[in-house]
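Below, each chain spelled out in residue letters.
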Amino acid sequence: MMQNPETDKIQYSEIIEKIQKNRVKPFNQFWITSILYLAGIFSIIAVFFIILFLVREAIPFIHNETNYSLWDFVSKVEWHPEWQLQTDRNGLYGAGGILFGSILVTLGSMLFAIPFGIGCAIFIAEIAPPKIKIFLKTAVELLAGIPSIVYGFFGLRILLPFLIKLFPEREKMGFAGSSLLAASIILGIMALPTIVSVSEDALSSAPREYKEASLAMGATKWQTTSKILIPSSVSGITAAVILGMGRAIGETMAVLLVAGNSLNFPEGPWAIFERIRTITATIAIEQKESPFGGDWFHSLFVLGVILFLMTFLINTISSVILKRINERFHPPPKEEEIGTLIKGKNTYEIGKQPINFQENSILKEHHFNDNEIASIQFLFGKFGRKFLIYGLMMAFSFGTFLVAIVTIINFNFAIFLGIGLIAIGALIGQCIVQIILLDSIKQINLRLKIANFNAFFKSLVFGSIFVSFAFLMLIFAIFLFQVNLTLTIVLACTATIILVCGLGFEFYSWLKIREFLLVNPIVIKRKAIEGSKLMYISSIVRLVLVFFVAFFCIMIIISLTGSNELLTWLDYNRVIVSIGILLLMIITVSSYLTGAFRLGRSFAPALTENQRSIKKLILQILFIGSFALFSLYAFNWIVVIIIFPCMIIISIFTKKLTPKINQILSYTLIYILAISVLTVLSILTFYIYKDGLEILGISILIAIGVLALISIIISLLRQKFRWQNLVVWLIVMSLLTLLTLLILNKNQWTLSGEEGFSFFFTKMQESGDSGGILNQILGTFWLVLFTMLVAIPIGVYGGIYLAEYSKSGPLLNIIHSAIDNLNGTPSIVFGLFGLSFFVYYLDFKISLLSGILTMTIMVLPTIIRITEEAIKAVPLGLKEGSYAMGTTKWQAIHKIALPVARPSIITGVVIAMGRVAGETAPILLVAAAFQKRFVWGPFKIFGGSFMEEVQLLPYHILDLTTELQNPVRAGATALVLFIFVLIFFAIATFMRLKYKKILK
Amino acid sequence: MRNIQKEYVIECENFSFWYGNIQALKDINLKIVKNKVTAIIGPSGCGKSTLIRSFNRMNDIYENAKYSGTIKFNGHNIFNSNLGVTELRKQVGMIFQKPNPFPMSVWENVAYGPKIHGIYEKKQLNIIVEHSIQLSALWDEVKERLGESAIALSGGQQQRLCIARALSIQPEVLLFDEPTSSLDPIATGKIENLIIELKKRFTIVIVTHNMQQAARISDYTAFLYLGELIEFGKTRKIFERPNEDLTERYITGRFG
């Protein structure tokens, strides 16, 4: 308060002078920047080290005793490394079955996760009222936070018996629940949150204007969603699915417990009931048993490298797709394209310039507009030249592709019947398309009446007819295969000759047309545009057909050679052959169509429709193709031949219904999907509680119930009761569970159960059969604490560097992709890395220290990313306000940006803590022990040390379930772990809500 | 005849500025007179904000910014690293278009400046805070609410708070970048009056797209068009008898 104006004035000017004189010290700007830089490039260093140390332990396998080459490793199906330990036998390292198992499990999980995930995402984004929306979103994120061991446990205890009951006739055949089916369901549930959240993001971020425009025209809500919204978000949804696949392929614990882990190669059909083994489960199960330094030890690292490469590929693909989405909404500025149209006899220029023609041309002084030029460009393009090359490549790849089918599916005439019918249908389709195309070209001809054009036109027609005819003959040849071999051979040969002639005619005529147009440009407008569209469709249909052609050819050749060598070779190496073939097919098809894309890119805007529809077509072919193949294998061909046509019929049928009925049906379906997701969560929580009750007694639930009542009363008093408050929801759920269980099993539980509250506080006794889990709780506590102490500073400062100090450019892009890849890397890969680097190379041995360091590397990318996003989200105005006052960058970050970003960062940190507490795979390899003498902590005063092994909650669950067969205690431990994770999660949600308030 | 030497606080000499490949300012020659209000007017996108942000080197935060020519502050080249950028900003304060109070209390906002420049004693900070808020004609409205969040204030109050914050370290020059474009007419009036008061002690440069505002409060006016300085001179002359035809067409509203 201004008491004495004079003194105050003097004081004031003194203070101002002080301010003016004050010099901000450069204060070790260099040191700050350097430390930040190191933290920032941490992720690149981490990826580099991971690859280095994985490969370091994998390479010695090349010189293994059994002389297995890498090709053998990947293609053979015989995995008996333990035989190495027996004196008279050699270990077998054929991991083909294991690799195949991983792929099967991924596809199977997607079969479940995609419909439910996308349905749920649509529900959340479009249909759910706001309160339910937030509720469901949080519930789905809760699903994401549940540790995988808890899922595995749930699968083991609940899902497997359920499956046995569901398929009683299978039980007679030896089905015991653990199977590809069980693994697919569990992994599907685990991948669900990823798919739901990324898809929902994509759906919500589509511009509102699209929806509004559609609704303004009188479309129903469902029409808007299905025709406008979903197509515009297709890239985002694809990225979501791919990310989900990455999660599924890297999952260890859940798969380990429910997939059966049989070493036999699963045979179709109905392979869905077979037991399978995945890469991750193999590493987890066998690592402890393999003697250090032996071939077995190194072979597991080879598996780890393969797994890392697979997830690397998946992550890169999804990043590329996500980048495309960004580019679509923020397209980089286009530069004016000016260039010559064709190099050759006459060069032309785009634009309004007159084009030089030859003397006898009738179009000397014509001025071309953009559409016309584009059409000419298309016809001129390198289409003709490339056609032949692509045709040859296609023929080659098909044969191989179909050999793949042969090796995967048991040779079955009925299948051929089905395939043959499809082929005939496709042929007819192609003929129709061909006729339309030729008709449009004929129209052009009629308009201009230019000589010689007729000749090429006819030749084109002949070519097409020949090709179609040849296909028909081949199909007949196959049908006659079993009847009369000679006839088949004759037909096949004739057909092949006709086919070659036909393709030759087509090629020749396209060449000539092109030459002709070079000399006499024709005014081609919409007809040509439509014509080119049909050209594409025709080529695709033709692709499918040539597939079958080559297939038949090779089948014939195989049987003709009479030798079984080829067949046995194929049989033996079927996995690698199949994978190689599929790859070849993908490369060929995409290169063929990329060639078409290149043409399309220089088209006028009217033609980019083709580009997009072709991209969609490729994706559809790839996806549907792989699922069709999977279904053929996992189920039976009957299922495929019934379901796919049914789907087509349904989609045709729904077009006949009125939009309103359509909406009701679709909404019903989506409601069912969304409610199933919720049901799954409820069942999960319910059963986890159930086991816990036996050990902990009802008293724990009474305690939770009391807490619930208190919180509800407090919330009501402060009028802050919100449905989205997850804590409240959880507590309400617990109450309901308590009541239900009490009602159902009145006499089964005592108030205190076997151990009661002392479960938390007693040390473990008698190898886990009695006593409490205090050891494990302490172990997990110290692990989480120290991991956070190391990871938070590095992570936050690294994130600050990336957000504020780094310059955009190649380095930043590399860092971001390194981080994204690390985020998607399976946790067991981190475990292997920790084993190789910390445990063995640095000789920290299996210890708490190794565990802390490994977990740090695992969570750092998440923390860095979250910090970077949070600081970038701070409004620029705040930072500028600080700069304008004369602060350095560091001061502005520390005093202004960090406090605003803090709640968001805390959310991420807390979620990371949940992960550290719950992950089993890494600590299994580098830190955990089941039994150990009890210590209060890793410090000298407690008598413990960092270099000792440590007892941890997730590992306790695993061992109780697998080794000790004490599922009830395992369930109780799972409940404790679950509650820990829930607490972390509730804190994170609470923080996030608080954050939203600050910025408002 | 009395030789009234005009004192120039900021002098722009052949200053050009590029964002990447786009040239935002072309050869600006401009002198800001001490203790006067200089307005910079012109249609949207003509480089007004870029120019004023160059005066306190706020454009440094953009990666691909390039410049040529010099800007002198009291005779010193501001791009010379002898006069550090933090020092420059102590002498040349800025108020932004959108009020950007920090998410802290009112008191904290105004005390931020002195704190980072070395004043830590509560008593001294109190003096500064009160003085600055009084200078920006906000004291009566917030004297009971110094501890409350600054975000809770109205738009006009927030902007005056930002002015108080800028004043807390007693800069020589105050740069206003369209300070009233997001405010209602009453708040605009209050801030215009405040500027007229402040020019007695500070030099003020104000960017505005509102010509009437420039005519009301400024002593000198600079007219910028597409990055070039078309005309500069006393406000009265610019608005009544401009030299350039372009200026006249803009003033009379023939294009905007």
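Here, every reference points to the structure presented above.
Residues numbered from 1 in each chain as written. Chains lettered and ligands numbered in written order. Predicted model: local features only at pLDDT ≥ 70, side-chain atom pairs only at ≥ 80, totals over all residues. Heavy atoms only, no water.

Asks: Let's hear about the overall build of chain A: which residues, and what values?
Replies: Summing up its helical and strand segments, chain A has 38 helices and four strands in all. Across the 1000 residues that make up chain A, the buried fraction comes to 53%. Contacts in chain A between residues far apart in sequence, at least 24 positions, make up 78% of those at least 6 positions apart. Total accessible area on chain A is roughly 46,600 Å²; 67% of this is exposed by carbon and sulfur atoms. (Helix = DSSP H or I, 4+ residues; strand = E, 2+ residues; numbered from the N terminus. Buried < 20%, exposed > 50% of the residue type's maximum accessible area, 1.4 Å probe, protein only. Contact = heavy atoms within 4.5 Å. Areas by Shrake-Rupley, 256 points an atom, 1.4 Å probe, with all protein chains shown as cover.)

Asks: Which residues make up the pattern of salt bridges, and what values do they have?
Replies: In total, this model carries 26 salt bridges over all chains according to the counting rule given. The closest approach of N and O atoms between B:R160 and B:E141, which form a salt bridge, is 2.9 Å. Of this pair, B:R160 sits in helix α6 (residues 155-167) while B:E141 sits in helix α5 (residues 139-142), placing them 19 residues apart in sequence. Judged by relative accessible area, B:R160 falls into the buried class, the value being 5%. A cluster of three or more residues bridged by salt bridges with shared partners is formed by A:D820, A:R865, A:E868, A:E869 and A:K872. (Salt bridge = Lys/Arg side-chain N within 4 Å of Asp/Glu carboxyl O.)

Asks: Can you tell me about a nonpolar patch on the surface, naming the residues and giving the values?
Replies: Taken together, A:F781, A:L785, A:L789, A:V790 and A:I794 make up a surface patch of nonpolar side chains, about 400 Å² in accessible area. Inspection of the secondary structure puts A:L789 in helix α30 (residues 774-805). (Patch = residues over 30% accessible without salt bridge, like charges linked within 9 Å, V, L, I, M, F, W, Y side chains within 5 Å.)

Asks: Could you give an account of the packing of helix α9 (residues 180-204) of chain A against helix α12 (residues 234-249) of chain A, with specific residues and numbers?
Replies: Residue and element names in this part refer to chain A. In the contact formed by α9 and α12, the axes pass within 8 Å of each other and the chain directions differ by 155 degrees. Relative to α12, α9 is oriented roughly antiparallel. Once α9 is placed against α12, the crossing between them reads as right-handed. Only G236, I237, A240, V241, L243, G244, R247 and A248 of α12 make contact with α9, whose side of the interface consists of L187, M190, A191, T194, I195, V198, S199 and A202. When grouped by side-chain class, the residues that make up the contact of α9 with α12 number 11 nonpolar, four polar and one charged. (Axes fitted to C-alpha atoms, helices over the stretch in contact; angles between N-to-C directions. Parallel < 35°, antiparallel > 145°, perpendicular 65-115°, else oblique. Left-handed = near helix turned anticlockwise from the far one by under 90°. Nonpolar A, V, L, I, M, F, W, Y, C, P; charged D, E, K, R; others polar.)

Asks: Give a description of the interface of chain A and chain B that names residues and reports values.
Replies: Between chain A and chain B, the residue contacts involve 33 residues of the former and 38 residues of the latter. Of the roughly 3,300 Å² buried at the junction of chain A and chain B (both faces included), carbon and sulfur atoms supply 64%. The largest share of the area that chain A buries against chain B comes from A:Y12, A:I19 and A:M885, three residues that together contribute 22% of it. At the surface where chain A touches chain B, the tally comes to one salt bridge. Close ionic contact of B:R53 with A:E880 constitutes a salt bridge, the shortest N to O distance being 2.7 Å. Counting every contact that joins chain A to chain B gives four residue pairs in polar contact (both at pLDDT 80 or more). (Buried area = accessible area lost by both parts, 1.4 Å probe. Polar contact = N/O pair within 3.5 Å; in protein donor to acceptor, adjacent residues only side chain to side chain.)

Asks: Pulling in residues and values, what's your account of the packing of helix α10 (residues 208-216) of chain A against helix α11 (residues 221-232) of chain A?
Replies: All names here are of chain A. One way to put it is that α10 packs onto α11 with a least axis distance of 10 Å and a crossing angle of 145 degrees. Crossing of α10 against α11: the hand is right-handed. Contacts between α10 and α11 involve Y210, K211, S214 and L215 from the former and K221, T224, I228, L229 and S232 from the latter.

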